[in-house]
Amino acid sequence: MGHLSHDAVEAPLTTSVAWSALAAHHAAIKDRDLRSLFAEDPQRAEGFTVEGGGLTLDYSKNRITPQTISLFVQLAEERGFFQKRAAMFRGDKINVTENRAVLHAALRAPRDAIFEVNGRNVVPDVHAVLDRMAAFAERVRSGAWKGHTGKRIRNVVNIGIGGSHLGPEMAYLALRAFSDRDMRFRFVANVDGAAFTEATQDLDAEETLFVISSKTFTTLETMSNADIARAWLLQRLGEESAVAKHFVAVSTNAAGVKAFGIDTANMFEFWDWVGGRYSLDSAIGLSTMLAIGPDNFRAMLAGFHDMDVHFRTAPLAKNLPALLGLLTVWYADFFGAQSQAVLPYAQALARFPAYLQQLQMESNGKSVDLTRRRVDYQTGPIVWGEPGTDGQHSFYQLLHQGTHLVPADFIGFLEPLSPLAPPHDLLMANLFAQAEGLAFGKTAEEVAAEGVGANDVAFRVMEGNRPSNMILADRLDPRALGALVALYEHSTFVQGAIWGVGSFDQWGVELGKVLAKKIIGELRDMDEPKLAHDSSTNALIARYRASRAGG
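The rules we used
Residues numbered from 1 in each chain as written. Predicted model: local features only at pLDDT ≥ 70, side-chain atom pairs only at ≥ 80, totals over all residues. Heavy atoms only, no water. Domains from an automatic or database assignment. Salt bridge = Lys/Arg side-chain N within 4 Å of Asp/Glu carboxyl O. Buried < 20%, exposed > 50% of the residue type's maximum accessible area, 1.4 Å probe, protein only. Helix = DSSP H or I, 4+ residues; strand = E, 2+ residues; numbered from the N terminus. Right-handed = clockwise from strand over helix to strand, strands pointing away. Pairing = 2+ DSSP bridges. Expected span 1.5 Å × (residues − 1). Axes fitted to C-alpha atoms, helices over the stretch in contact; angles between N-to-C directions. Contact = heavy atoms within 4.5 Å. Core = buried A, V, L, I, M, F, W, Y, C linked by side-chain atoms within 4.5 Å.

### A few points about the domain arrangement of the protein
Split by domain assignment, the protein resolves into domain 1 (13–79 + 314–499), domain 2 (116–297) and domain 3 (507–550). Distance from the C-alpha centre of domain 2 to the C-alpha centre of domain 3: 32 Å.

Listed below in structure tokens is the structure:
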């Protein structure tokens, strides 16, 4: 991973001793089914269940044996995982293509911790920003902060994109039970004007605060929506001075923030060692803090830190993020699985799969390793999912009887957020049943024994042997959410460490931005522009221009 310099050379993954051993091991056990593995070891669940950071992981329903775990540990050692992990927590610039440290763990460290970047302990800076965020949040939540006309703020609209949007939105929805119900929170990312219109159509401008989240304050989508929000506000309130009372910024570009009309005293900073998809627990989480309050936000940070400590200290064979990451490698590269389902049995986690799409696919969706070699193995599986039980009446058919092998992570909580206990019993029954059904299926003999006619038996057989993890917490509260997010952050790191890719840049995101900047000028040019794209793109631009001219 990033402990390598541009000129360092790491041996190809597929030439390592552990990789060859895993390939041989896979050949030996790939046809073993979970029914036989459980029958051979009545205590299998106990041997394949670990706890850490307030979470429990039962990974017994995976196509593995104890030898698999031993080989995982060997692979991690050969790939320098322990050194790479130490380098990250030490503040080394493991994001080598951007020459940056990767220290999101510092964002949730206690005040007395030490995380250094270029020889400077950044923890005091982190807590200074958190304290400013908390003071601001208390003013808004208490009504002390007044809008331009003297009314209190009741609506907050977060404007961002990518990590500046997915994280705050996901966390707000996950923790809405802990939010101030007298306030409304909306999230705008898409440059489709409908997104802004729908988010604001029922809001009173006098009671609305916009949080503009852009590190550079130049992000195209974010600033386009910010300009729309500014115009929306001024159309209703009429005075430029209103901007300072209804906009705050999460940014490091003080000049840009000031030029927009925002008081830089209301600018909350973060740092270049915070990647966008790892920024929920930074100032990017300001809208989340406004919703749930500083105490709950700090509880979420504590959950993050709990998992950080577990990840740093637990033996690899008992380490939740390490096991999740290594299992992802196992299925992607030895079983050929191209996707991974994330199935939270909690309606509040409806946006969690989308959040993980960015976290994992933007991090490890790479085809070149850090030694500039094109890889000859799969990286970054496609992450997807929906909350249970909705998905059961949608795509679970494919999970049970389809031709694709889709490893699944089930996520559940022992205590309900709702006071309605009977539905929670039903929810959890479905959670446990689906994992059981995927693992063990239903044989032709079992189907026939139910009285199904011979002509219909084949249609009702479930072959089983579909792997899954079960992740449980006591309750979906701020601390549990923090631990859950950190679990997947570190799992993503583990995958990248094994694959040898740079998990902390996203150059693939940039090409479309560059092309869009050119095309938007061609769409708006009053004169007929000379187009030099491919024939398809030229025709599409021409068709759009014609529709505008006709309108």
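### Some remarks on the pattern of salt bridges
Applying the stated criterion across every chain yields a total of 28 salt bridges. The closest approach of N and O atoms between Asp31 and Lys30, which form a salt bridge, is 3.5 Å. Classification of Asp31 by relative accessible area gives exposed; the value is 64%. Owing to a relative accessible area of 31%, Lys30 belongs among the partly exposed residues under this scheme. A salt bridge links Arg230 to Glu240; the shortest N-O distance between them is 2.5 Å. With Arg230 in helix 9 (residues 220–237) and Glu240 in the loop between helix 9 and helix 10 (243–246), this residue pair connects regions lying 10 residues apart in the sequence. Salt bridges linked by common partners bring Arg108, Asp281, Asp308 and Glu489 together as one network.

### Quick look at the pairing of strand 10 (residues 339–344)
Counted residue by residue, strand 10 has six buried out of six residues, so it is predominantly covered. Taking the sense of rotation as the criterion, the β-α-β connection linking strand 10, helix 15 (residues 352–364) and strand 11 (residues 382–384) turns out right-handed. Where strand 10 lies against strand 12 (residues 408–413), four bridges are found, and the strand directions are parallel. Each bridged residue has a counterpart across the sheet, and for Val342 the counterpart in strand 12 is Asp409.

### Some remarks on helix 13 (residues 294–313)
Its 20 residues give helix 13 an end-to-end C-alpha distance of 28 Å, which sits within 8% of 28 Å, the value for a rise of 1.5 Å per residue. Of all the residues in helix 13, the buried ones are Pro294, Phe297, Met300, Leu301, Gly303, Phe304, Met307, Asp308, His310 and Phe311.

### Structural notes on unusual backbone geometry
For the peptide bond that leads from Gly388 to Thr389, omega is 10°, which places it in the cis range. Inspection of the secondary structure assignment puts Thr389 in the loop between strand 11 and helix 16 (396–401). Even without glycine at this site, Asn118 takes up a positive phi of about 55°. When you line up the elements, Asn118 lands in the loop between strand 3 (116–117) and strand 4 (120–121). On the basis of relative accessible area, Asn118 is assigned to the exposed category, the value being 63%.

### Concerning the sheet that holds strand 1 (residues 49–52)
Sheet strands pair via backbone hydrogen bonds, and the direction of the pair is either parallel or antiparallel. A sheet is described by the order of its strands in space; here six strands give the open sequence 1-2-13-12-10-11, paired in mixed fashion. Strands with a single pairing partner mark the edges of an open sheet, and in this sheet they are strand 1 and strand 11. Neighbour to neighbour, the strand axes of the sheet diverge by 20° on average, direction disregarded.

### Brief notes about the sheet that holds strand 9 (residues 267–268)
Spatially, 6-5-7-8-9 is the arrangement adopted by the five strands of the open sheet, whose pairing is parallel. Each end of this open sheet is capped by a strand with a single partner; those strands are strand 6 (184–188) and strand 9. As judged from the five bridges shared by strand 5 (residues 155–159) and strand 6, these two strands associate in the parallel manner. Across the sheet, residue Val156 finds its bridge partner in strand 6, namely Phe185. Lying on the sheet, helix 8 (residues 193–200) is in contact with strand 5, strand 6 and strand 7 (208–213); it crosses strand 6 at an angle near 175°.

### Re the nonpolar core
Counting 125 residues, the largest nonpolar core has Trp273, Phe352 and Tyr488 as its most contacted members. The greatest single-element share of this core, amounting to 13 residues, is contributed by helix 20 (residues 478–499). Counting only domains with at least three residues in this core, you end up with domain 1 (13–79 + 314–499) and domain 2 (116–297). Every residue in contact with Phe352, bar those within four places of it in the chain, is listed here: Met170, Val342, Ile411, Leu484, Val485 and Tyr488. By size, the runner-up hydrophobic cluster in this structure holds 25 residues, among which are Ile212, Leu233, Leu234 and Leu237.

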